[in-house]
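If you want the building blocks of each chain, they are given just below.
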6 protein chains.
Amino acid sequence: MTRYDVVALGESMMRLTPPGDLRIEQTRTFDIWVGGTESNTAVGLSRLGLDVAWFSRLPASPLGRYISNRVAQYGVDTSHVVWAQDERLGIYFHEKAQPPRDSEIIYDRRDSAMSRMQSADLPRDLFRSDRSRLFHITGITLAISDAARDTAREAMRLAKAAGWRVSFDTNYRSKLWTGAEAAEACDHAMSLADLILCPYGDYQVMYGDAAPEEALEDLAARFPGTLIVMTLGKEGAQAITSGGNRIRQPAILAGEVGRIGGGDAFAAGFIYAWLQEGDAAVALKWGAAVSALKYTIPGDLPLVDPEAAAALVAGGAGGGLIR
Amino acid sequence: MTRYDVVALGESMMRLTPPGDLRIEQTRTFDIWVGGTESNTAVGLSRLGLDVAWFSRLPASPLGRYISNRVAQYGVDTSHVVWAQDERLGIYFHEKAQPPRDSEIIYDRRDSAMSRMQSADLPRDLFRSDRSRLFHITGITLAISDAARDTAREAMRLAKAAGWRVSFDTNYRSKLWTGAEAAEACDHAMSLADLILCPYGDYQVMYGDAAPEEALEDLAARFPGTLIVMTLGKEGAQAITSGGNRIRQPAILAGEVGRIGGGDAFAAGFIYAWLQEGDAAVALKWGAAVSALKYTIPGDLPLVDPEAAAALVAGGAGGGLIR
Amino acid sequence: MTRYDVVALGESMMRLTPPGDLRIEQTRTFDIWVGGTESNTAVGLSRLGLDVAWFSRLPASPLGRYISNRVAQYGVDTSHVVWAQDERLGIYFHEKAQPPRDSEIIYDRRDSAMSRMQSADLPRDLFRSDRSRLFHITGITLAISDAARDTAREAMRLAKAAGWRVSFDTNYRSKLWTGAEAAEACDHAMSLADLILCPYGDYQVMYGDAAPEEALEDLAARFPGTLIVMTLGKEGAQAITSGGNRIRQPAILAGEVGRIGGGDAFAAGFIYAWLQEGDAAVALKWGAAVSALKYTIPGDLPLVDPEAAAALVAGGAGGGLIR
Amino acid sequence: MTRYDVVALGESMMRLTPPGDLRIEQTRTFDIWVGGTESNTAVGLSRLGLDVAWFSRLPASPLGRYISNRVAQYGVDTSHVVWAQDERLGIYFHEKAQPPRDSEIIYDRRDSAMSRMQSADLPRDLFRSDRSRLFHITGITLAISDAARDTAREAMRLAKAAGWRVSFDTNYRSKLWTGAEAAEACDHAMSLADLILCPYGDYQVMYGDAAPEEALEDLAARFPGTLIVMTLGKEGAQAITSGGNRIRQPAILAGEVGRIGGGDAFAAGFIYAWLQEGDAAVALKWGAAVSALKYTIPGDLPLVDPEAAAALVAGGAGGGLIR
Amino acid sequence: MTRYDVVALGESMMRLTPPGDLRIEQTRTFDIWVGGTESNTAVGLSRLGLDVAWFSRLPASPLGRYISNRVAQYGVDTSHVVWAQDERLGIYFHEKAQPPRDSEIIYDRRDSAMSRMQSADLPRDLFRSDRSRLFHITGITLAISDAARDTAREAMRLAKAAGWRVSFDTNYRSKLWTGAEAAEACDHAMSLADLILCPYGDYQVMYGDAAPEEALEDLAARFPGTLIVMTLGKEGAQAITSGGNRIRQPAILAGEVGRIGGGDAFAAGFIYAWLQEGDAAVALKWGAAVSALKYTIPGDLPLVDPEAAAALVAGGAGGGLIR
Amino acid sequence: MTRYDVVALGESMMRLTPPGDLRIEQTRTFDIWVGGTESNTAVGLSRLGLDVAWFSRLPASPLGRYISNRVAQYGVDTSHVVWAQDERLGIYFHEKAQPPRDSEIIYDRRDSAMSRMQSADLPRDLFRSDRSRLFHITGITLAISDAARDTAREAMRLAKAAGWRVSFDTNYRSKLWTGAEAAEACDHAMSLADLILCPYGDYQVMYGDAAPEEALEDLAARFPGTLIVMTLGKEGAQAITSGGNRIRQPAILAGEVGRIGGGDAFAAGFIYAWLQEGDAAVALKWGAAVSALKYTIPGDLPLVDPEAAAALVAGGAGGGLIR
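To keep things clear, this report deals only with the structure shown in the data block. Computed from a predicted model, the values in this text were never measured in an experiment.

Remarks on the packing of helix H6 (residues 200-207) of chain C against helix H7 (residues 212-222) of chain C
Geometry of a packed helix pair, given as the angle between the helix axes and the separation of the axes.
All names here are of chain C.
Phase 1: At a minimum axis separation of 10 Å, H6 and H7 run at an interaxial angle of 70°. As the angle between them shows, H6 and H7 are arranged roughly perpendicular. The element H6 and its partner H7 pack so that their crossing is left-handed. In this structure, H6 contributes Tyr-200, Tyr-203 and Tyr-207 to the contact, and H7 contributes Pro-212, Ala-215, Asp-218, Leu-219 and Arg-222.
Phase 2: Grouping the constituent residues of the contact of H6 with H7 by class yields 6 nonpolar, no polar and 2 charged.

Considerations on the pairing of strand S10 (residues 165-169) of chain D
Residues and elements named next belong to chain D.
Phase 1: Of all 5 residues in S10, 4 are buried; the element is thus mostly enclosed.
Phase 2: Examined bridge by bridge, strand S9 (residues 134-138) and S10 share 5 bridges and lie parallel to one another. Looking at S10, one finds that His-136 is bridged to Ser-167.
Phase 3: Here 3 bridges tie S10 to strand S11 (residues 195-197), and the two strands are oriented parallel to one another. If you follow Phe-168 over to S11, its bridge partner there is Ile-196.
Phase 4: For the crossover from S10 across helix H5 (residues 179-192) to S11, the handedness is right-handed.

Quick notes on the side chain of Arg-57 of chain A
Residue and element names in this part refer to chain A.
Phase 1: Note on placement: Arg-57 falls in strand S5 (residues 57-59).
Phase 2: Looking at Arg-57, its side chain comes within polar contact range of the side chain of Glu-87, at 3.1 Å.
Phase 3: At a separation of 2.8 Å, a polar atom in the side chain of Arg-57 contacts the main-chain carbonyl oxygen of Ala-113.
Phase 4: Non-local contacts of Arg-57, meaning those with residues more than four positions away in its chain, are made with Val-82, Ala-84, Glu-87, Ala-113, Met-114, Arg-116, Met-117 and Asp-121.

Some points on the interface of chain F and chain D
Frequently, the measure chosen for interface size is the accessible area removed from exposure when the parts meet.
Phase 1: Taken together, the contacts link 28 residues of chain F with 27 residues of chain D.
Phase 2: Of the roughly 2,500 Å² buried between chain F and chain D on both sides combined, carbon and sulfur atoms contribute 54%.
Phase 3: On the chain F side of the interface with chain D, the three residues burying the most area are Glu-25, Arg-28 and Pro-62 of chain F, jointly 24% of the side's total.
Phase 4: If you look at where chain F meets chain D, you find 4 salt bridges.
Phase 5: The shortest N-O distance in the salt bridge between Arg-88 of chain D and Asp-108 of chain F comes to 2.6 Å.
Phase 6: Those elements that provide at least two residues to the side of chain F that touches chain D are strand S2 (13-17), strand S3 (29-35), helix H2 (62-73), strand S7 (91-95) and strand S8 (103-108) of chain F.

Rules used throughout
- Throughout, a residue's number is its position along its own chain's written sequence, starting from 1.
- Chains carry letters and ligands carry numbers; both start at the beginning, A for chains and 1 for ligands, and go up in the order they are written.
- Only residues with pLDDT of at least 70 are given local features in this predicted model, and only at 80 or more are side-chain atom pairs given and counted; all residues enter the totals for whole chains, interfaces and linings.
- Side-chain calculation: all heavy atoms of the structure are included, whereas hydrogens and water are not.
- For helices, the fitted line uses only the C-alpha atoms of the stretch in contact; every axis is such a line through C-alpha atoms, and the angle between N-to-C directions lies from 0 to 180 degrees.
- To qualify as a helix, a DSSP run of H or I must reach at least 4 residues; to qualify as a strand, a run of E must reach at least 2; elements of each kind are numbered from the N terminus.
- Working rule for angles: under 35 degrees goes down as roughly parallel, over 145 as roughly antiparallel, 65 to 115 as roughly perpendicular, anything else as oblique.
- Less than a right angle of anticlockwise turn of the near helix away from the far helix marks a crossing as left-handed, whereas a clockwise turn marks it as right-handed.
- Contact definition: two residues touch when any of their heavy atoms are within 4.5 Å.
- Lys, Arg, Asp and Glu make up the charged group, whereas Ala, Val, Leu, Ile, Met, Phe, Trp, Tyr, Cys and Pro make up the nonpolar group; the residues left over, Gly among them, are polar.
- Residue burial is assigned from relative accessible area. The probe radius is 1.4 Å, only protein chains are included, and a residue is buried under 20% of its type maximum, exposed over 50%, and partly exposed in between.
- Strand pairing is assigned whenever DSSP detects at least two bridges linking the two strands.
- Crossover handedness is defined by viewing with both strands directed away from the observer: a clockwise path from the first strand over the helix to the second marks the crossover as right-handed.
- The term polar contact refers here to a pair of N or O atoms within 3.5 Å; inside protein, the definition further demands a hydrogen-donor-capable atom paired with an acceptor-capable atom, and it admits residues adjacent in sequence only when both atoms are side-chain atoms.
- Using a 1.4 Å probe, buried area is obtained as the accessible area two parts lose upon being combined, added over both of them.
- One side-chain nitrogen of Lys or Arg within 4 Å of one carboxyl oxygen of Asp or Glu is enough to make a salt bridge.

Structural data, given as structure tokens:
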């Protein structure tokens, strides 16, 4: 019976992207990537050295296996995936653009196998006290369907009951729900969490305008005794510990190759260091470092080398050519 | 007001195929093709020189435009396409295999924009006596949803009312419905048609085992006075005219590059010659020639040159290198 | 009989470009693009919603059809193209370079089918008062051959006679003629035009050094009562209306993916808004917006979304990731 | 503590192949495949549903991880891989050719990390009676170096001592050693094996000319009481059971896409059925089926679907298009 | 001063081909090949071990250098190429097709730099007795322009005057001239040649129908005392020596990857062995072997290995996988 | 007997690089480049118009020919290459990264054919006074093996004895040896050189910290009467002539496409101008210009146009689009 450091649950999709700078209408081929916020974070945690399981509900088809294979390849345990007959895989199309053109994401994820996951699908024997230290989930799983939301809530309850810590990333998506809907669902989830990750922009759309510091304080007031981390984009990140300490971390500049998944990489870096070192300030550094490295990597998955992240955490500059 | 020779209605999808002989699980890219039985035939008819319009219901998005652009590129009028907000495009995945492995198609077309087309979406002013000579539709449009079936039936009625001829290809798909379901819906459609195209295999699954000649006779008995064409794969094709003449046409052997769309190419060749020359025997030759040429062309669309088809119809062998 | 908003005439070529940053000597493949100044503008106008026809003289071959298909794909009517037997298609090779290396264009367009177009090839029944609102042509068509120049002049005369407006873009190319030759030929064309588009650099090579403002005033003096637009590169654009108003428009910065065709995109944006709104200041904004969007799009064609252009015209910043 | 059905040990290399039919001197890119006889068989066994571990000695670098990731992706446990600092990965170049040109393999595997594996590197706690049912290894591991041969022998001894069955495939490679050298080393290995797989060609080069039946009888005489399987290329395969029964199995014809790894796929099919069903005749059928399916799949790994293999075993013909 | 075995003169072009089986209208990229009958043969001779120079007239541009680089890469001396300012490179487009569709070649070679080569451009100091053993040229150089024909004739005269042997391949191209035109020009060239290579099909189009044997006898009568080789496609080849001996050689079957250049490869094999061994029967074997190997190699150039050719000449079957 | 301007000796390897920004673990293909410091410089010198020979010891295989072909293609004489049976080619893997991630090079060059080159392999008849003007070699050849170091030293002695000038570039590689080792071996080599090229970073690692000016003075003191050039990265370069003149040259900024080989390109530019013009200040300008142009070119080879370099030397800015 394998023991994990982290267990994560959520949807992972096939991302289809035109190569280079082509518009969708111009392309004759799609590059295929695998992406989903929780699986992205799971892969990051595995690459950093933790034992990680991620599961989801996937169609029993080459498409579903495509997702599972790619996640498993980087060391994540996918043996708890629930395989569904005759269902579809969530897909998203991504058209990358240089300014002043907007990059665009077209979701085609409605009625995916994961959106139909039921609480009964949860692997009960996995949620035992000795099988993991932390459960990770995000607001996207709450957003995709009523069934997935119920399942996510039940999973969080099971994890709490097993004595695991719970981390929750709000991960607001305007194409999935409104700020008001998100706020309602996330409020409940955050009340169950030991670690809340909430981008500043998510706060604003869910709770309204506020300066970054006010936003953080407001979350701390809403969810007292919880470790709260708020990413601020180019401004870095800030946190308030369960004990009430305020910490700030500047961002680490990075050449932008793969913006998608940067937040999930931050979560991986933060959770890794928080679990291993228990220090939120150090964890913020790891979040910034893993996120910066992710920006240089194509695709959704944070295929970072732990040595490279550690060097950045230690203050290294990087960017050279070693030969 | 443009006048067409042929108007066709049906779903056209994005086909995603791994390059070369890769399995889906192995590929990192998909080649993108555009395919749909009626649009395939429409493109073939346009390449042969007719004025053709094809329409469908497509999402108002880069994905929907992808379909429309590719069809329009080859000269087909797409101005009657009905654009739908916030709907999805039908997709299908195709994994090509050498024997003894089966090639596989994975449909992801449920709830596509076309499957939600209503009779009310039909462009009424198009269905006027002076705007076309023939309306073409297939059993797939009957199969994909109740709404599409109702729409297809209404369109056939409108075409008949306008005095156009109607051609109907059964085009059975085992992943969409059963033989019994197909038989019920196609019976009605065939009763409205002036030209029935029915592959021998379709007959068998819909009406049960019979020798090819018996099958043709049975259809002639069911739909008397109708021109009935039955393709027989490597055995060629046979037909029975509205006047009761029996005709046979051997197949033309072809290097197999693009099997998909071969039947639609046959339909294009047949309809073209039937409209232009009014002779079913000549039309069978054109069907065989256009279908053979299609087998040598990647993708779903029969991008045949009329001169090449005419040369085969005239008995040429082809396959040389002209320099 | 279709009615157009804009009719354009000119050469469109096959552009062959090494992928990525490869030099021609390094490449094993060429990416194929379709480009020609008038067809570029025609596609832009069609994408913005106008009814547009473009025609040219093209070889009746797969190469000629390649051009026509790609232009038709984006909604431009190509039914007036003149097909020529046994002639060649204009080709150009493009080697993109980072500074301090020059990007290079190698024309191989001599004796192209279009360069041999005669006045007699012009579709006379197209040039009727009720079939279009504007005729667009550029200096390149004057430059490529005597025959093309005569044809262009006759087309402008026919368009004027039909009561259409005429727009003319000087589009100087140093590899096709000298400044003095261009000045002589363009003088005549500009005297027929209702709208003159003249890049500042073109002015300098044709008429000699002058400050931008002086250059604009000089053109206004030469062609009184004509709307004159002068693009200034990174400095934006300026115009003087037929009524003598001076207007300036700053450039909109853009990530440079596809520099080629930026001027043609500006023309598309300007002509679109000028035809639809009749306000030169608004039209300058559209020119700047469509040109900036074009810079982010590979290839020669301005495949811009009207909504994206409208958002920039309205002052939006763009460049985000919408999900 | 995971329990496996099969544990395999051996070298897996990076295969570099020009795309399509290009010669090495012509190519500008290499396609990358992962291949090694034991890992090929391991992946096949995992795809068929068994719990499989494969291990090797790999460089602790992106190149070593490349191998491990690809094998893990298809469900094989790679947690026992021994990671080596500052060592190199075995590489091989493959130039595919149509007749009458020979396909060519250029090995660059000398001094690979695996060739330096020591007996001391073997994970002792893995070789326990309750952790696996069978150990699989081939003659290649004996051939690549003295160290690897010693390690292989020790591993076979450990497996026997743990009560596992041992399967051994001779897998002669003329570029690694002579027939005499192979015979000497394989004799010892075969004497330890419960299942011997020996291609007819290997027999000939090791023991001299003999008709296939004689060759099989000779092996049975040399290694009495052992299950011996001899593949015969297009002639299929023959076996003699430990109890002395002779069995023959014809080959299943297949379109040749990926010849490399066909023998390893046969081994996977045979071992799978032998372990699961215990019947050598059935196992020969599975060997033939999995091998035939492998021939249709690019790369070295037998990414077969168990349903497809079962259908062939049951006598299906395959090769259709299911839609 | 380098001494050559063979000097060849002729046009070499850039060949643009869609990848895979795509039609030109479908492709977004062209594969680039370098091809020209004399340079093809020159590369073959160089690969077989002779010292070879090839020259032509090429544009002084990246396109011209593209040709020269590719030919030089395989060891052919290109230092005698005549570089021309502001001229164009001959191009040809190749669309490969499976039967019953014809493969097609579209020449775009009119007014190429080579077609404007003058006798005065010939490097006089090259044509000296001690600098080569043989001069090779083909009918294509006679066909492309009057200037090239005059230059070719002068070069043949210079070669004869220097005491070199002259080989001439008729190489008829229906897109360049008629049979009658070819016959007139080739008659003169063949009267100067020591070795005539004439495909049977060329004979028929130039001199009329005759059985193969009659055709060969007729040529022998027209050009007495000359070594005459006639290739017969799948029927192999036949020759008549200067001394009147008749020889036949069957073809060696080959998987068809690159049909273009097969005849030039035959010429390379024949000339190589004739020069080195002086035996026409052996030379026919080498012609057949090098031609068969060329069929397995993409592109126009016969990148054969001398060992592989020698093995086929010695009667080997080839087609295995050596590992 | 050809006479060269420059003869160079050293290892050239196959470089394997993932396309675009992919990490090695992500890629399915490698782009293939050919690189080696001396062959890079040799190609640059050839492109600038000099007669250049480069030689090495290469495996007699398609891999060895790959290297030789690519170098020969750009006009470098490779006829002195020593071909070795059954040896391996040096390979290196290159993973390009955006900051803050380090780009990485993984050498796999141990035991390459070149590393086993012996003094006895040197082509003695090449090292004659009338066959070259300069011999070029770098510290890498000293570093790769004892045999190569001995061979390099012998070659330098032979070149000196023949009266050629000798240029030596330190080219320190931290993955091949330590600074102390390099200093010892390079001291000897520099004492034989007429021209020393030493990057400032190399100086520091070999001799310890010093300001750039001090470093240059120190080298001048160590190797009096020698022309010493020290590149300073973005700070340009400085030199001290054999007569003691100090010169500085700013760098020319360049878009970074191909950083690798920039130093070798500098050496090519410097040596070219030094040989042709004999002026170190002019040579520094050429070094800066060729190096800047190289930065814009993918791969290791400085495929610069002499006209472009001359324009930069003359003070041009470059970076435009000429059409």
